[in-house]
Amino acid sequence: MTQTEETTTGGGGAKTAMRVIVPLQGVVQGRGGLVLGSIIPCALFYFLQFYLKRHRSEPDPEPAPTDPPAGLHRVQSRLVLSPRGLGGAAHVSGRANSVARQADTPYYVGLKRVSEDPYDVESSPDGVIQLGLAENKLSLDLVQKWLAANARESILGRDLSISGIATYQPLDGLMELKVAVAGFMSQVMEKTVSFNPSQIVLTAGATPAIEMLSFCLADAGNAFLVPSPYYPDLDRDVKWRTGVEIIPVPCRSADNFSLSTTALDRAFNQAKKRGLKVRGVIISNPSNPVGNLFNRETLYNLLDFAREKNIHIISNEILAGSTHGSEEFISVAEIIDSEDFDRNRVHIVYGLSKDLSLPGFRVGVVYTFNENVLVAAKKLARFSSVSAPTQRLLISMLSDANFIQNFIKTNRERLRRMYIEFVDGLKQLGIDCMKSSGGFYCWADMSRLLRSYSEEGELELWDKLLNVAKINVTPGSSCHCIEPGWFRLCFTTLEKNDIPIVIERIRKVTES
Amino acid sequence: MTIEVEQPSVELSKIAVSETHGEHSPYFAGWKAYDEDPYHESSNPSGVIQMGLAENQVSFDLLEEYLEHHPQEASWGKGASGFRENALFQDYHGLQSFRNAMASFMGQVRGERAKFNPDRVVLTAGATAANELLTFILANPGDALLVPTPYYPGFDRDLRWRTGVNIVPVHCDSSNNFQVTPKALDAAYSRAEAMNIKVKGLLITNPSNPLGATIQRSVLGDILDFVTRKNIHLVSDEIYSGSAFSSTEFVSIAEVLESRDYKDSERVHIVYSLSKDLGLPGFRVGTIYSYNDKVVTTARRMSSFTLISSQTQQLLASMLSDKSFTQNYIKTNRERLKKRYQAIIGGLRNAGIDCLEGNAGLFCWMNLSQLLEKPTRECELDLWNTILQEVKLNISPGSSCHCSEPGWFRVCFANMSEQTLEVALTRIHQFMEGRKTNGGNLNF
């Protein structure tokens, strides 16, 4: 555990920055008092709304349905966006209403812009380049080749029998696939740990896996501690339908954004003061958006903390196979193996969207050491089961040892090469990135490009990057980062040749 | 010597430990009995015959035939480039081609008497997810949905477990073939009010599970009037619409809305799925079709928790867009189900058992109330247990479906071969004969 005091990051400007940051931190951690604690976030929120309204290119964020049949036209013209619809139409729930507000955040606005005006090197060279989606296209060709050769047989079997895949299957996944996935998980983690297929529940992606665990480990009104910055979608996954809160545990650049027990303690106590019962800590390892790996010591400390407070740990290890540095990846499963920790509090989330580049197939994993959670999760899996033909296909693919071995190795190499080149490119512009050992992105420090060292300044820069440089990046504020100026740039949806183009575009903004 | 301090074990949520999943009810206990001793015509001819699973296996050959003649569907449709987009595709709007196919298929199942707009189709991994999702959207924890009885046992879990929403039953009885009446609807609503529970919607299943019968047009009209009067939502679970024995027997709420020029339609939402009509429950394909724009948008976003595999969407898009295939499938499937239904009804009648007159679905609603010593739930469960243990048939007791009259049972007939159905009918016959010769004086 590293005990760091408040450190300045250098120079006079930074001192001023700290004067902004420290009270901001205090507000974040609830020390600023109720008034400050409510005014500042409100002010920021209203500014953000106003700011986005000014710069949004079109007024209606919702795609209008095309060609409605004549009979329905009247209905659609009464676009009901508020719960108090016209003509006294029945209301929708509070949960439904909370969604509408999320769509305005930069993360989603950016994604939308790309979908409307996507970059294509030939047909649309002035389009917006997507650097905001943590998706890996670098090794799709490998999967493609395998599928072209093997798909048909894998799904239907040699006798084209459909009853095998058509009928009701165990809703938490076929045991064969669990076995294959357990093997794959072990492989991507370089065999440092083995996974028991019987402790696996398969879900339609990691998104429902995280939500499922949130439902199982916390009641509505409770909270999870989450080291920040964390990836934007986690808010939706954990909070939306469960009514569970997230308390961010701020990590700082001075600590390389690593998690400190001091910060955990502080956040826990703040939650207590707010009357929120903390039920667990959710970590992502490798982390998203920073790309950190948790070292052994931090994991031990985390487990100690969880034991002391009698809470759970959810470790989202979905990027375990996407490490590209020289640091070793350590799963929380490995730590449990080696020590006498209470396993009942540890749960791992995994999936094939990242490491196998198959987000469309919707395969996620809840891996738990807790019998009772396993029982509940198996029953809950019915709400988000994996499609049978997809299961069959993946059983084949994951059992193809040669293919998988080659894939993991090649994918890592390609990730590493892209990472190095991309980070170098940014360096040429004077933009430094946090050292990262995994994930599809780099965590770049663009704070010196901010007009004002604040969230406002950050969003202004984000907007310029989106509308002037025409690249979609994710601002740190969307990831709940307390230090302004950090951006996540994903490089795995690019071809190698795109990198110079991206750098040039960014230069437009850095040199203006 | 160290003194071990007992650490309190780490707690789980109320949802995790709740019994709302309902899996301790007889409905599921019967399944366990089947799992332990499953019937097989050669290897285990005295095993338990599963008649509690509403699965459609009568038309697999049609699907297999299609796949054999369209090999590209099983691989990648458009080939290599098609795959690339497909594997990455996780847009909650779903594949446009698949949504188009679903909208078209839904229209076909309703004999083109209703048209569906692909932009109102929201995809979910099965109807189970669709029903839960709608409940999350339409109601807050503590609110209620009205559901006519008898209803599918899984609703207790799907509508209530994670959502925290209540079900207030709308009691129906055999005096009018278990049809919903305005009186019953009003009574249920008043009961909820008296308990200080806010009713947010009414959920009907049409064709009905477990009744195996379609809801009449006039009743649908009454239902629509009721929900409009109370300003609540209407969810019409129409997953058995393609399993009506003839196309004209089934009237969808969509048709009623059309006839009313879509007045007040923003409160109506339809749930559909391919699990029953197409016999593909393993594929996990469900949909919400809503006439309410906000619900469509919200449901779409929420479907992130339950997306359909892009590969599956691709696989099915071509098949469902092939009108010659779907037309033939729908027609043939209906005919075969009707034939099965007639076989089981005939067989039961020969054994002296009456059923509710049905015209849809994968099951019949059997009346054994005359066998009960007393018209109580306990007697019904005793009879159910006897049938399970001695006759070796797993059928679903009406009490699991919250039926207000004891003695009714749901019997599935489409999840087995014709031969197995014959065996089941023979066993029932023998059982009934046995009771007659014993003077009919058994204690149940």
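Structure first, text after, so check above.
Quantities reported herein were computed from a predicted structural model and do not represent experimental measurements.

### Observations concerning the overall build of chain B
(1) Moving on: Helix and strand counts for chain B come out as 16 helices and 13 strands.
(2) Moving on: For a compact globule of 444 residues, the expected C-alpha radius of gyration is about 22 Å, and chain B comes in at 23 Å, within 12% of that figure.
(3) Moving on: Taken along its principal axes, the extent of the C-alpha atoms in chain B is 75 × 70 × 60 Å.
(4) Moving on: Scored against the burial criterion, the 444 residues of chain B give a buried share of 63%.
(5) Moving on: Taking the intrachain contacts of chain B between residues at least 6 apart in sequence as the baseline, contacts between residues at least 24 apart amount to 75%.
(6) Moving on: The averaged location of the 51 negative side-chain charges in chain B is 5 Å from the averaged location of its 42 positive side-chain charges.

### Thoughts on the environment of A:R414
All names here are of chain A.
(1) Moving on: Along the polypeptide, R414 turns up in helix α16 (residues 401–428).
(2) Moving on: Given the relative accessible area of 22%, R414 is considered partly exposed.
(3) Moving on: Considered as a pair, R414 and Y230 are 184 residues apart in the sequence and their alpha carbons are 25 Å apart.
(4) Moving on: Side-chain polar atoms of R414 contact the backbone oxygen of L138, separated by 2.8 Å.

### Here's the deal with the sheet that holds strand β6 (residues 312–316) of chain A
Residue and element names in this part refer to chain A.
(1) Moving on: One open sheet holds the 7 strands; their spatial order is β2-β8-β7-β6-β5-β3-β4, and the pairing between them is mixed. Here the strands that pair on one side only, and so sit at the sheet edges, are β2 (200–203) and β4 (245–250). Taken pair by pair, the neighbouring strands of this sheet meet at an average axis angle of 25°, ignoring direction.
(2) Moving on: Across 5 bridges, the pairing between strand β5 (residues 278–284) and β6 is parallel.

### Some thoughts on the packing of helix α8 (residues 175–188) of chain A against helix α15 (residues 388–399) of chain A
Residues and elements named next belong to chain A.
(1) Moving on: Where α8 contacts α15, the two axes come as close as 9 Å, and the packing angle between them is 40°. Classified by the angle between their axes, α8 and α15 sit oblique to one another. Our pair here, α8 against α15, has a crossing hand that is left-handed. In contact with E176, L177, A180, V181 and F184 of α8, α15 contributes Q391, R392, L394, I395, L398 and S399.

### Thoughts on the packing of aromatic side chains
Residue and element names in this part refer to chain A.
(1) Moving on: For the structure shown, the criterion picks out 27 aromatic pairs over all chains.
(2) Moving on: Taken together, a centroid distance of 5.0 Å and an interplanar angle of 90° make the contact between F195 and Y367 edge-to-face. One end of the pair, F195, is in the loop between α8 and β2; the other, Y367, is in strand β8 (residues 364–368), with 172 residues separating them in the sequence. Neither F195 nor Y367 differs from the other in exposure class; each is buried.
(3) Moving on: Aromatic side chains F422 and F491 sit 5.9 Å apart centroid to centroid with 40° between the ring planes, which places their arrangement in the tilted category.

### Quick word on the pairing of β6(A)
Residues and elements named next belong to chain A.
(1) Moving on: Taken across its 5 residues, β6 has 5 buried, putting it largely inside the fold.
(2) Moving on: The alternating pattern of β6 places H312, I314 and N316 on one face and I313 and S315 on the opposite face, and all of these are buried.
(3) Moving on: Tracing the backbone out of β5, into helix α12 (residues 296–309) and back to the parallel element β6 gives a crossover that is right-handed.
(4) Moving on: Pairing of β6 with strand β7 (residues 346–351), which is carried by 4 bridges, proceeds in the parallel orientation. Opposite I313, over in β7, you have V346 as the bridge partner.

What counts, and at which threshold
- Residues numbered from 1 in each chain as written.
- Chains lettered and ligands numbered in written order.
- Predicted model: local features only at pLDDT ≥ 70, side-chain atom pairs only at ≥ 80, totals over all residues.
- Heavy atoms only, no water.
- Helix = DSSP H or I, 4+ residues; strand = E, 2+ residues; numbered from the N terminus.
- Rg over C-alpha atoms; globule rule 2.2 N^0.38 Å.
- Buried < 20%, exposed > 50% of the residue type's maximum accessible area, 1.4 Å probe, protein only.
- Contact = heavy atoms within 4.5 Å.
- Lys, Arg positive; Asp, Glu negative; His and termini not counted.
- Charge placed at Lys NZ, Arg CZ, Asp CG, Glu CD.
- Polar contact = N/O pair within 3.5 Å; in protein donor to acceptor, adjacent residues only side chain to side chain.
- Pairing = 2+ DSSP bridges.
- Axes fitted to C-alpha atoms, helices over the stretch in contact; angles between N-to-C directions.
- Parallel < 35°, antiparallel > 145°, perpendicular 65-115°, else oblique.
- Left-handed = near helix turned anticlockwise from the far one by under 90°.
- Phe/Tyr/Trp six-rings, centres within 6.5 Å; stacked < 30°, edge-to-face > 60°.
- Right-handed = clockwise from strand over helix to strand, strands pointing away.

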